[in-house]
Amino acid sequence: MKFLVMGCGRIGAEISTLLWKQGNQVTVLEKEPEGFARLPQEMRSEQTTLLGDGMVEDDLIRAGIRDVDVFVAVDVRDNCNALASQKAKHIFHVPQVICRIGDPIKQQIYLDLGLNAVSPTHATTNLILNAIRS
Amino acid sequence: MYVLIIGGGRIGYHLTRALLYADHEVAVIERDSSRIRVLSSEFGNIAIQGDGSEANILLTAGIERADVLIATTGNDEDNLATCQIAINLFNIPRTIARINNPENEALFDVLGIHVTVSSTQIILSEIEEELPVAIEVELLPARGNRQVIRIEIPQESSAIDQLLFSLPLPPDTIINAIISGNGEFKPIDKDTLIEPFDEIIAITHSDHTETLLELFAGRN
């Protein structure tokens, strides 16, 4: 499968690396070149990284958004993820779009709007609750 | 009407002034404390500090009774998130977003942001920066992708001492009124002469806003 991952912070780097190790074709789009240091060297040498802004259509096109199967927006900023994801969904019609939204209120709004919004806040809270119970 | 403005930069500031002048109730949400001080000293207690794309801040500003929300920040992603919260969580009847990158207009349209103010606002602010004098300009969106423009003729304008109808006015443009420096309406006819401090009220298509501004405020 072809993946386009926007954001190479901790989550972006980890998910990209995992997908790449599973044999998928992965492109990581990130504004700050330092972010790519989180990726393994052998992955970086395979031209998997692209410096650019996931909210800008030219950069998305350069990153191959027109023929990816999945777009994953995992920038640290919710609003950037929301804009980029909605562009991927409504402008480029990417088959599957997943969007990280930390703010639980916004997450619910975007879920209601049909976006696959996942919340690290929600996930972490559940992990802590489970840890308390066990 | 109760109008909630997000972003107290140059555009938010001018909008606030125009809306207060027209007797509307206005609140402004702004992140930057120095801008908050400017707004408060000018307009009184109408500014709230915080992130306007957070539901809690919008509630603090009384979004539940707002008739209109206008998102004017320099970040399209923040303007989009704010309008989507306003529409989907608070059922605000009318939201207006400033768009900084024109390519985003299609997305805002698809997502039902009721009105989008196109990038002419940016062109306007760029023109303001390029001009040697601060020009007095206000814009309001109007139907048919048009804008209502109020502009004061600066002393250096190349339009001064020209006949109004000798100027190459852009198409789809109506000059609605001219108010002279002493506050009198000027008759608009073939003899109308443009003078310093004239206040021009016009409606034009958004595509021609820049041309019109340059015509009235540009130097030789």
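Residues numbered from 1 in each chain as written. Chains lettered and ligands numbered in written order. Predicted model: local features only at pLDDT ≥ 70, side-chain atom pairs only at ≥ 80, totals over all residues.

> With reference to specific residues and values, describe the sheet that holds strand S9 (residues 173–179) of chain B.
Residue and element names in this part refer to chain B. The strand order S7-S8-S10-S9 describes an open sheet built from four strands, whose pairing is antiparallel. Every interior strand has two partners, whereas the edge strands, strand S7 (137–142) and S9, have only one. Taking the axes of each pair of neighbouring strands and ignoring which way they run, one obtains an average angle of 15° across the sheet. Examined bridge by bridge, strand S8 (residues 146–152) and strand S10 (residues 199–205) share seven bridges and lie antiparallel to one another. By the bridge assignment for S10, Arg150 is matched with Ile201. Contacting S7, S8, S9 and S10, helix H7 (residues 209–217) runs over the sheet at an angle of about 15° to S8. (Pairing = 2+ DSSP bridges. Helix = DSSP H or I, 4+ residues; strand = E, 2+ residues; numbered from the N terminus. Axes fitted to C-alpha atoms, helices over the stretch in contact; angles between N-to-C directions. Contact = placed C-beta atoms within 7 Å.)

> Give me the interface of chain A and chain B: which residues, what numbers.
Each partner contributes residues to the interface: chain A has 15 residues there, and chain B has 16 residues. Residue assignment for the side of chain A that touches chain B shows that the elements contributing at least two residues are helix H4 (78–90) and helix H5 (104–112) of chain A. Top element by residues in the side of chain A that touches chain B is H4(A). It accounts for seven residues. Of the residues contributing to the side of chain A that touches chain B, the split by class is eight nonpolar, three polar and four charged. (Nonpolar A, V, L, I, M, F, W, Y, C, P; charged D, E, K, R; others polar.)

> Can you lay out the domain arrangement of chain B for me, pointing to particular residues and giving the numbers?
Along its sequence, chain B is carved into domain 1 (2–117) and domain 2 (123–217). Of note, the centres of domain 1 of chain B and domain 2 of chain B, computed from C-alpha atoms alone, are 26 Å apart. (Domains from an automatic or database assignment.)

> I'd like to hear about the nonpolar core, residue by residue, with values.
In globular proteins that are soluble, nonpolar side chains generally tend to be buried together. Of all hydrophobic cores here, the largest spans 69 residues; its most connected members are A:Leu4, A:Val5, A:Phe71, A:Val72, A:Cys99, B:Leu69 and B:Ile70. Examining the composition of this core, we find that six residues originate from one element, helix H4 (residues 76–88) of chain B, more than from any other. Once residues within four sequence positions are removed from consideration, B:Leu69 is found in contact with B:Leu4, B:Cys83, B:Ala86, B:Ile92 and B:Thr95. (Core = buried A, V, L, I, M, F, W, Y, C linked by C-beta atoms within 7 Å. Buried ≥ 20, exposed ≤ 12 C-beta atoms within 10 Å, placed from the backbone.)

> How would you summarise the packing of H4(A) against H4(B) if you had to cite specific residues and measurements?
A packed helix pair is summarised by two numbers, namely the angle formed by the two axes and the spacing between the axes. Remark: H4(A) packs on H4(B), axes separated minimally by 8 Å, with the N-to-C direction vectors making an angle of 85°. What the angle tells us is that H4(A) and H4(B) run roughly perpendicular. Packed against H4(A), whose contacting residues are A:Asn79, A:Cys80, A:Ala82 and A:Leu83, the element H4(B) presents B:Asp76, B:Glu77, B:Asp78, B:Leu80 and B:Ala81 at the interface. (Parallel < 35°, antiparallel > 145°, perpendicular 65-115°, else oblique.)

> Which residues make up helix H1 (residues 10–21) of chain B, and what values do they have?
Residues and elements named next belong to chain B. The end-to-end C-alpha distance of H1, which contains twelve residues, comes to 17 Å, matching closely the 16 Å that a straight helix rising 1.5 Å per residue would cover. Along H1, the positions that sit buried rather than exposed are Ile11, Gly12, Tyr13, Leu15 and Thr16. Taken from the residues just after H1, Asp23 is the one with a positive phi, measuring 70°. (Expected span 1.5 Å × (residues − 1).)

> Got a sec to walk through the sheet that holds strand S3 (residues 49–51) of chain A? Specific residues and values, please.
All names here are of chain A. Overall, parallel pairing links the six strands, which are arranged S3-S2-S1-S4-S5-S6 in an open sheet. Among the strands making up the open sheet, the edge pair consists of S3 and strand S6 (116–118). Going across the sheet, the axis of each strand differs from the next one's by a mean of 20°, ignoring polarity. Of the pairings in the sheet, the one linking strand S1 (residues 2–6) to strand S4 (residues 70–73) comprises four bridges and is parallel in character. Each bridged residue has a counterpart across the sheet, and for Leu4 the counterpart in S4 is Phe71. Lying over the sheet, H4 contacts S1, S4 and strand S5 (96–100), oriented at roughly 175° with respect to S5.

> An account of the pairing of strand S2 (residues 25–30) of chain A is needed here, citing residue identities and associated values.
Within a regular strand, side chains alternate between the sheet's two faces. Residue and element names in this part refer to chain A. Where burial is concerned, most of S2 is hidden: five out of the six residues are buried. As defined by bridge partners, S1 adjoins S2 across five bridges and the pair is classed as parallel. For Phe3, the partnering residue across the bridge sits in S2 and is Val26. With helix H1 (residues 10–21) bridging S1 and its parallel neighbour S2, the resulting β-α-β unit is right-handed. (Right-handed = clockwise from strand over helix to strand, strands pointing away.)

> Residue-level account of the environment of B:Ser180, with values.
Residues and elements named next belong to chain B. You can see Ser180 is positioned in the loop between S9 and S10. Classification of Ser180 as partly exposed rests on a count of 14 C-beta atoms within 10 Å. Once the C-alpha coordinates of Ser180 and Glu195 are considered, the two residues, 15 residues apart in sequence, prove to be 7.7 Å apart. If we ignore the near neighbours within four places in the chain, the residues touching Ser180 are Lys186, Glu195 and Asp198.

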